[in-house]
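Spelled out, the chains give:
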Amino acid sequence: MFYIDGAWVDPMRASTIGVINPATEEAIGRISLGSSADVDRAAAAARRAFATYCETSVEQRLFWLGGIIDGFRARLPELARTMTLEMGSPITFATERQATVALFHFEEAARVLADFAFEERMGAGIVRHEPIGVCGLITPWNWPLNQVASKVAPAIATGCTVVLKPSEIAPLSAMILAEIIHDSGLPAGVFNLVNGDGPTVGEAIASHPEVDLVSFTGSTSAGIRVAMLAAPTVKRVAQELGGKSANIILPDADIRAAVIAGVHACYTNAGQNCQSPTRMLVHVSQRDVAFDAARTAVASIRLGDPLRPETTLGPLVSQGQFDKVQKLIQTGIDEGATLLAGGLGRPAEMNRGYYVHPTVFGDVTPQMTIAREEIFGPVLSILNYETEDEAVEIANDTPFGLAGFVQSSDPQRALRLAKRIRAGRVYLNGAAFDRSLPFGGYKQSGNGREFGIYGFREYLEVKAVLGYPG
């Protein structure tokens, strides 16, 4: 069923798909796959609702956001467990990061909304910030609720209405969120959910004439397709796409600690993380120390059943993702990189599930496939450099620009390098996640920003009113 115009409704035509638990390879449920006709219904409901919802007060929207936040907190353990089952994220990580960070986005949207100046005097006129309209949101499977929340929360907060398509691979947590939103009392039609695949429902949303903005998170190739479909209606397009982030470890850093932390950062969410530091840049003089530290880090990883609290690395999301990662590991071997840990195949202790060995390659050169393509699995490439200029050149030698990482005992030195990295976010010395700071990419990693006030502004139009007396 789909959530359209404040109610759960049957799809226009019957078509279903199983939701597979990647740890067991067994179906844990089935969902309906929508069609363009279902998108038409959802977009029409969103358009009707927008006429009145855009006029609601800040106080009213804060009230509804508060209801969503309360409902989210109450069902957070259920949401975390659902994501573990649908996409394999270890339960501790799903609780502390996957579900909790998603909640952060609703809290942050409420914080920004409470203080945002929707109207201000400027020059001889007034500048107004008004909700853009109906927003089509297309989200991925790797952070199935975080990416939903980072779009839905600011859309609702600004006065927009929504048609959401979560990933058909991991849709169950988003359907629970729809229940939470329904229980909050948000007016009918403000939030709508249609399950389906990208070529059908995703493309229908991207091209729909009633959709004023489409926000997409996924692969760069799919993002290009979304932009092309959106172009004829000249709708706004915001995209968070692929990444191949570099982690520059300067010689003055604690090399062992930096490498160990870098390995674990690369393996966040089983490496299925768009901003993961998958290219580690180490000074040539520290090659051997770095290799030894990387092996130590891999040895500490606990691979296993994602429902067990001690597990730190679960399976990949699907057979297709498993096959892709295996192919790229083989390519790394074939192209001459030094295999330091892991490698091909499924770990011997796992007789089922889409598990892969946590893998590290050394002596990787910038032109190797594993240094250029987004692998989206627990595979780290270690490259060597001789000068800071060379490190920056290697870091920027990629079509992507989502994130960068710099490790140094000198904060000023780290900052100087950060300013030279062509990426939308740069983390210095293991800096923690901050929900208030903008997130998004340069180059083929996308356009637009999410999180905090910058993500809030993505859902607003700017209007100048001239001639009103001050």
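All values derive from a computational prediction rather than experimental measurement.

A. Fine view of the overall build of the chain. Counting its secondary structure elements, the chain contains 15 helices and 20 strands. Against the compact-globule benchmark of 23 Å for 470 residues, the chain has a radius of gyration of 23 Å, which places it among compact chains. With respect to the principal axes defined by its C-alpha atoms, the chain has extents near 65 × 55 × 40 Å. Considering only contacts in the chain between residues 6 or more positions apart, those separated by 24 or more positions represent 73%. Here the chain has roughly 18,100 Å² of accessible surface; of this, 54% comes from carbon and sulfur atoms. Looking at the chain, you have 41 positive and 50 negative side-chain charges, and the mean spots of the two groups are 2 Å apart.

B. Local environment of helix H8 (residues 220-230). Those residues of H8 that fall on the buried side of the exposure criterion are Thr220, Gly223, Val226, Leu229 and Ala230. Its buried side turned inward, H8 meets helix H7 (198-207), strand S10 (213-217) and strand S11 (236-240).

C. Region of the structure containing the pattern of salt bridges. Applying the stated rule across the entire model yields 28 salt bridges. Between Arg435 and Glu108 there is a salt bridge, and its shortest N-O distance comes to 3.9 Å. In this pair, Arg435 sits in the loop between strand S18 (425-428) and strand S19 (446-447) while Glu108 sits in helix H4 (residues 91-115), placing the two residues 327 residues apart along the sequence. You can call Glu108 buried: its relative accessible area is 5%. Among the salt bridges present, the one from Lys165 reaches Glu168, with a minimum N-O distance of 3.3 Å. Glu168 carries the same exposure label as Lys165, and that label is buried.

D. Local environment of the sheet that holds strand S20 (residues 460-466). Reading across the sheet, the three strands line up as S5-S6-S20 and stay open at both edges, with antiparallel pairing between neighbours. Each edge of the open sheet is held by one strand with a lone partner, namely strand S5 (119-122) and S20. Here the average twist between neighbouring strands, direction ignored, is 25°. With four bridges joining them, S5 and strand S6 (residues 125-131) adopt antiparallel strand pairing. Among the inter-strand pairings, Arg121 is bridged to a residue of S6, identified as Ile126.

E. Geometry of the sheet that holds strand S12 (residues 246-249). As summarised here, the arrangement of the seven strands in space is S14-S15-S16-S13-S12-S17-S18, forming an open sheet in which the pairing is mixed. Lying at the two open borders of the sheet, with one neighbouring strand each, are strand S14 (338-341) and S18. Mean inter-strand twist for the sheet, computed between neighbouring axes without regard to direction, equals 25°. Where strand S13 (residues 279-283) meets strand S16 (residues 379-385), five bridges bridge the pair, whose relative direction is parallel.

F. Quick peek at the side chain of Asn21. With respect to the helices, strands and loops of the structure, Asn21 is situated in strand S3 (residues 16-21). Residue classification places Asn21 among the buried positions, given a relative accessible area of 8%. Within polar-contact distance, the side chain of Asn21 engages the backbone nitrogen of Ala23 at 2.9 Å. The residues contacting Asn21, other than those within four sequence positions of it, are Glu26, Ile28 and Leu85.

G. Seen up close, the nonpolar core. Judged by nonpolar contacts, the single largest core of 58 residues is most densely connected at Ile248, Val259, Val263, Leu281, Val360 and Ile382. Contacts of Ile248, omitting those with residues within four sequence positions, involve Leu281, Tyr385, Ala391, Val392, Ala395, Phe405, Val406, Gln407, Leu417 and Ile421. Ranked by size, the runner-up nonpolar core spans 56 residues in total, among them Phe106, Leu145, Met175 and Ile180.

H. A look at a nonpolar patch on the surface. Together, Ile333, Leu339 and Leu344 make up a nonpolar patch on the protein surface, roughly 210 Å² of accessible area in all. Take Ile333: it is sitting in helix H11 (residues 319-334). Classification of Ile333 by relative accessible area gives partly exposed; the value is 32%.

I. Just the side chain of Thr56, in detail. Positionally, Thr56 belongs in the loop between helix H1 (36-53) and helix H2 (58-74). Judged by its relative accessible area of 16%, Thr56 falls in the buried class. Side-chain polar atoms of Thr56 contact the backbone oxygen of Tyr53, separated by 2.7 Å. Beyond its immediate sequence surroundings of up to four residues, Thr56 is in contact with Arg61 and Trp64.

Definitions and cut-offs
- Residues numbered from 1 in each chain as written.
- Predicted model: local features only at pLDDT ≥ 70, side-chain atom pairs only at ≥ 80, totals over all residues.
- Heavy atoms only, no water.
- Helix = DSSP H or I, 4+ residues; strand = E, 2+ residues; numbered from the N terminus.
- Rg over C-alpha atoms; globule rule 2.2 N^0.38 Å.
- Contact = heavy atoms within 4.5 Å.
- Areas by Shrake-Rupley, 256 points an atom, 1.4 Å probe, with all protein chains shown as cover.
- Lys, Arg positive; Asp, Glu negative; His and termini not counted.
- Charge placed at Lys NZ, Arg CZ, Asp CG, Glu CD.
- Buried < 20%, exposed > 50% of the residue type's maximum accessible area, 1.4 Å probe, protein only.
- Salt bridge = Lys/Arg side-chain N within 4 Å of Asp/Glu carboxyl O.
- Pairing = 2+ DSSP bridges.
- Axes fitted to C-alpha atoms, helices over the stretch in contact; angles between N-to-C directions.
- Polar contact = N/O pair within 3.5 Å; in protein donor to acceptor, adjacent residues only side chain to side chain.
- Core = buried A, V, L, I, M, F, W, Y, C linked by side-chain atoms within 4.5 Å.
- Patch = residues over 30% accessible without salt bridge, like charges linked within 9 Å, V, L, I, M, F, W, Y side chains within 5 Å.

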